[in-house]
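# Descriptive analysis of the structure
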Amino acid sequence: MNRKKKDPYSRIRWYDREEHTLYDVCADDHCQRYQGITRTFGHERAVREAIEATWGEVLTYDGTICDARFSKCCGGVSETFESCWEEVPHPYLVPVRDSEDTKKLPDLTDEATAERWIVTHPDSYCDTQNPEVLGQVLNGYDRETSDFYRWQVSYTAEELSELVARRSGIDFGTILNLVPVERGASGRLVRLKIVGTKRAMIIGKELEIRRILSETHLYSSAFVVRREGNRFILLGAGWGHGVGLCQIGAAVMGAKGIPYDRILLHYYTGARIERLYGRE
């Protein structure tokens, strides 16, 4: 369900499961582009062994089954639930440093710190070019690009103005500036101000920002803007909303021999793995 504040100068929306009521998952980024069971072909034995080994196990927090969100690449730090969806705290969906050293968590809500983080390559699990590891997570067409950890998109002012008008349905005129207003714990923009010759408006949350600034979905809303003459250059980090488990980071941890329970508890802070039932 789309939700937005009744403010003529802002459009704050987020998209959740209620977006489709007749089926469980879709093939777009909204549902991680669900691709069915075909990805298991050739790996049936390993999949069956994993199912057997974890039969009846669930991830819980305070006696309740977790809402185990995940994204493709957190970019080095995972995001809080509230930055992407409604303002309902999920204590197990909080920022986590995606590295062996989880204690050094930068304050990426600070603009200067976020800029330094995004334009550099801090050591993280999800910063990998290993084709074997990436093949576990990405389809062939996703692997056409290798710049998911740190990426760059460029538009002329004319291209950006036309794109934003078409994707938002709002005529901003010529885009003059993109101004960060609020960032989440991973550096992802929660609110962005678009300034044009005809009007200015604050948009959010992260998926709305990504949707308006791309023909499909921008890799993530963790980006900084650089101007070079008539061109807007977006320098970004990560792929997806960044909440919960980082798929590429988890794949790297698995390749290092880290067991699945440690991987899950790394990303879902304070959660527990409990066996609620077994085979007859």
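Residues numbered from 1 in each chain as written. Predicted model: local features only at pLDDT ≥ 70, side-chain atom pairs only at ≥ 80, totals over all residues. Heavy atoms only, no water.

With that settled, consider the environment of Cys-66. Its place among the elements puts Cys-66 in the loop between β3 (64-65) and β4 (70-71). Assessed through its relative accessible area of 11%, Cys-66 is described here as buried. As for Cys-66 and His-90, which are separated by 24 residues in sequence, their C-alpha atoms are 8.8 Å apart. Apart from residues no more than four positions distant in its own chain, Cys-66 is found in contact with Leu-59, Thr-60, Tyr-61, Tyr-92 and Ala-271. (Helix = DSSP H or I, 4+ residues; strand = E, 2+ residues; numbered from the N terminus. Buried < 20%, exposed > 50% of the residue type's maximum accessible area, 1.4 Å probe, protein only. Contact = heavy atoms within 4.5 Å.)

Inspection of the entire model under this criterion finds 15 salt bridges. In this structure, Arg-45 engages Glu-49 in a salt bridge whose closest nitrogen and oxygen atoms are separated by 3.3 Å. With Arg-45 and Glu-49 both in helix α1 (residues 44-53), this residue pair falls 4 residues apart, about one helical turn. Judged by relative accessible area, which is 69%, Arg-45 ranks as exposed. The exposure class of Glu-49 is partly exposed, given its relative accessible area of 47%. Note that Arg-226 is salt-bridged to Glu-115, the shortest N-O span being 3.5 Å. Note that Arg-226 is positioned in strand β9 (residues 223-228) and Glu-115 in helix α2 (residues 111-118), a separation of 111 residues in sequence. When salt bridges that share partners are traced, they join Arg-11, Arg-13, Glu-208 and Arg-211 into one network. (Salt bridge = Lys/Arg side-chain N within 4 Å of Asp/Glu carboxyl O.)

Averaged over every residue, the pLDDT of the protein is 89; the share at 70 or more is 85%. Taken together, the stretch residues 1-5 has pLDDT below 50 and engages in 16 contacts with residues farther than four places along the chain or on a different chain. (pLDDT = per-residue confidence, 0-100.)

Let's shift gears to the nonpolar core. Core analysis: the biggest nonpolar cluster contains 32 residues, and Phe-148, Ile-248, Tyr-267 and Tyr-268 have the highest contact counts within it. Looking at this core element by element, the count peaks at 5 residues for helix α6 (residues 247-255). Sequence-distant contacts of Tyr-267, that is, excluding residues within four places in its chain, are made with Tyr-92, Val-96, Asp-98, Tyr-125, Gly-244, Leu-245, Cys-246, Gly-249, Ala-250 and Met-253. Tyr-155, Phe-172, Ile-194 and Leu-234 belong to the second-largest nonpolar core, a separate cluster that totals 22 residues. (Core = buried A, V, L, I, M, F, W, Y, C linked by side-chain atoms within 4.5 Å.)

Each pair of packed helices can be described by the angle between their axes along with the distance between the axes. Closest axis-to-axis distance for the α6/helix α7 (residues 260-267) pair is 10 Å, and the angle between their directions is 145°. Between α6 and α7 lies a crossing of right-handed hand. Across from Gly-249, Ala-250, Met-253 and Gly-254 in α6, the residues of α7 making contact are Ile-263, His-266 and Tyr-267. Per-class residue counts for the contact of α6 with α7 are 4 nonpolar, 3 polar and no charged. (Axes fitted to C-alpha atoms, helices over the stretch in contact; angles between N-to-C directions. Left-handed = near helix turned anticlockwise from the far one by under 90°. Nonpolar A, V, L, I, M, F, W, Y, C, P; charged D, E, K, R; others polar.)

A word on the sheet that holds β9. Ordered by their spatial adjacency, 3 strands build an open sheet running β5-β10-β9, and the pairing between neighbours is antiparallel. Among the strands making up the open sheet, the edge pair consists of β5 (150-156) and β9. Neighbouring strand axes in the sheet, compared pairwise and without regard to direction, differ in orientation by 20° on average. By the bridge criterion, 7 bridges tie β5 to strand β10 (residues 231-237) in an arrangement that is antiparallel. Following the sheet pairing, Gln-152 is matched in β10 by Leu-235. Together, β5, β9 and β10 form the strand contacts of α2, whose direction differs from that of β9 by roughly 80°. (Pairing = 2+ DSSP bridges.)

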